Amino acid sequence: ETIDSIKLLAPLDYASQGRCVTANDYKVYAKKLYPSAQTVQVFGGEDGSYDSSLGVVSTPEYGRVFISIKSVSGNNLTSSEKSNLIKGLKQYNVASITPVIVDPEVTYIITQSVFKYDSNKTSESKETIKTDVIGTIRNYGNTELKDFNKSFRHSALTGLIDNTDTSITSNTLTVVLGKFVTPSVGKSTSYTVPYNNTLFNPHDSHNKDGGGIISSTGFKITGDTTNIYYFDDDGSGNLRRYYLIGSTRTYVDNSAGVVNYLTGVITISGINIFSCEIVDGLPSLKFRITAIPQSKDIVPLR
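Residues numbered from 1 in each chain as written. Predicted model: local features only at pLDDT ≥ 70, side-chain atom pairs only at ≥ 80, totals over all residues. Heavy atoms only, no water.

Asker: Got a minute to help me understand the pattern of salt bridges in this structure?
Answerer: It is possible for side chains of opposite charge to pair when their charged atoms get near one another. Counted under the stated rule, the structure contains seven salt bridges. Among the salt bridges present, the one from Asp-232 reaches Arg-249, with a minimum N-O distance of 2.7 Å. In this pair, Asp-232 sits in strand E11 (residues 224–233) while Arg-249 sits in strand E13 (residues 248–260), placing the two residues 17 residues apart along the sequence. Through salt bridges that share partners, Asp-232, Arg-240 and Arg-249 make up one connected network. (Salt bridge = Lys/Arg side-chain N within 4 Å of Asp/Glu carboxyl O. Helix = DSSP H or I, 4+ residues; strand = E, 2+ residues; numbered from the N terminus.)

Asker: Explain the sheet that holds strand E12 (residues 238–245) here, please?
Answerer: Two modes of strand pairing occur in sheets, parallel and antiparallel, and in both the strands are linked by backbone hydrogen bonds. What the seven strands build is an open sheet, ordered E8-E14-E13-E12-E11-E10-E15; its pairing is antiparallel. The strands lining the two open edges of the sheet, one partner per strand, are strand E8 (189–194) and strand E15 (273–276). Adjacent strand axes in the sheet meet at a mean angle of 35°, parallel and antiparallel pairs treated alike. As defined by bridge partners, E13 adjoins strand E14 (residues 265–271) across four bridges and the pair is classed as antiparallel. (Pairing = 2+ DSSP bridges. Axes fitted to C-alpha atoms, helices over the stretch in contact; angles between N-to-C directions.)

Asker: Where do I start with the pairing of strand E16 (residues 287–291) in this structure?
Answerer: A regular strand places its side chains on the two faces of the sheet in alternate fashion. The buried fraction of E16 is high, at five of five residues. Burial along E16 is two-sided: Phe-287, Ile-289 and Ala-291 and Arg-288 and Thr-290, pointing in opposite directions, are all buried. In this sheet, E16 lies alongside strand E9 (residues 214–216) in antiparallel orientation, the contact comprising three bridges. Along E16, the bridge assignment pairs Ser-215 with Thr-290. (Buried < 20%, exposed > 50% of the residue type's maximum accessible area, 1.4 Å probe, protein only.)

Asker: What is the right way to look at the nonpolar core in this model?
Answerer: Grouped burial of nonpolar side chains is what soluble globular proteins tend to show. Within the largest apolar cluster, 37 residues are counted, with the highest numbers of intra-cluster contacts made by Ile-214, Phe-231, Ile-266 and Ile-268. With five residues, the top contributor of residues to this core is strand E7 (residues 168–181). Ignoring anything within four residues of it in the chain, the contact list for Ile-214 reads Leu-199, Phe-231, Asp-232, Asp-233, Leu-239, Val-259, Ile-266, Ile-289, Thr-290 and Ala-291. Of all hydrophobic cores here, the second largest spans 18 residues; its members include Tyr-26, Ala-30, Leu-85 and Ile-101. (Core = buried A, V, L, I, M, F, W, Y, C linked by side-chain atoms within 4.5 Å. Contact = heavy atoms within 4.5 Å.)

Asker: What is the right way to look at the side chain of Ser-167 in this model?
Answerer: Structurally, the position occupied by Ser-167 is in the loop between helix H5 (154–162) and E7. Relative accessible area serves as the criterion here: at 0%, Ser-167 is assigned to the buried category. At a separation of 2.6 Å, a polar atom in the side chain of Ser-167 contacts the side chain of Asp-165. Ser-167 has contacts with Lys-116, Tyr-117, Asp-118, Lys-121, Thr-122 and Ile-129, leaving out every residue within four places of it along the chain. (Polar contact = N/O pair within 3.5 Å; in protein donor to acceptor, adjacent residues only side chain to side chain.)

Asker: Looking at this structure, I do not really get the packing of helix H4 (residues 126–144) against H5. What am I missing?
Answerer: For any two helices packed against each other, the geometry comes down to the angle between their axes and how far apart the axes lie. At a minimum axis separation of 9 Å, H4 and H5 run at an interaxial angle of 145°. The crossing of H4 and H5 is right-handed. Residues Val-133, Thr-136, Ile-137 and Tyr-140 of H4 pack against Ala-156, Leu-157, Leu-160 and Ile-161 of H5. (Left-handed = near helix turned anticlockwise from the far one by under 90°.)

Asker: Whenever I open this one, the environment of Thr-164 confuses me. Can you help?
Answerer: As for its placement among the helices and strands, Thr-164 is situated in the loop between H5 and E7. Apart from the residues lying within four places of it in its own chain, the contact partners of Thr-164 are Asp-132, Val-133 and Thr-136. Side-chain polar atoms of Thr-164 contact the side chain of Thr-136, separated by 2.8 Å.

Asker: Looking at this structure, I do not really get the sheet that holds E7. What am I missing?
Answerer: Taken in spatial order, the four strands of this open sheet run E6-E7-E16-E9, and their pairing is antiparallel. Each of the sheet's edge strands pairs with one partner strand only, and the pair in question is strand E6 (108–117) and E9. Taken over all neighbouring pairs, the strand axes of this sheet differ in orientation by 30° on average, direction set aside. Of the pairings in the sheet, the one linking E6 to E7 comprises 10 bridges and is antiparallel in character. By the bridge assignment, Tyr-117 is partnered in E7 with Ile-168. Sitting on the sheet, H4 is in contact with E6 and E7, with an inclination near 145° to E6. The strands touched by H5 within the sheet are E6 and E7, with E7 carrying the most contacts at an inclination of about 130°.

As structure tokens, this is what we get:
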């Protein structure tokens, strides 16, 4: 455990006095009982609840406390690990509070930086500066984002990129949100994809002919072994499914789901997916669906 972590948790451990009453108490004992936890987040039932099909929702469920753990390995807790943790917490519970372990929701932030530099102010090559900028972006993600309650600040990363090399004169940073969906192969299933941030939709039918603000990697559906399908939106809240003939989109379903731009939730209607295509050059059992956010600052929920 790091010194900073000890400084944070030691006073909380003393304050809890051997029982779980507040959210901080549950954080302390969850880390005690599951030492492989990298970070823990807890919220009470008054702030939301967990639905097995929808995930975490805003509907209150009093008498429960929801605990989400990111392990040092990056993997979700197994069923047995969750059961053992709940059993371990029972001895510290007070009143009729029921702890529930919820897998963390991971949102990926995909960035693209276009920067200009003055070659007269540096002896480094363009490729070296490019590599350094990529390193700056990755370091920001590793140090500032891989924890609960940490927000992505566009201006902070833009400043870090500017400071990567004295020759950099300006940079433009675009931000896209990505979520991975694991399909239930062999059966028709609907999916809820929460970004928990408002999505960009300046007016009705925004970019309808260009595919809106939603895009996805490819997948195949049962009954069609030839075509690779993708998702986009019509700018009016309708998710669409299409395949490509050359570079032309051929739409087969103009109401494949619903996009709520205000809440940042995409609902994919029942679909039978049997395989996913390559993602970022690698075979994948998941497809990725991306969206352009309203704000370039991304704030986590709960």
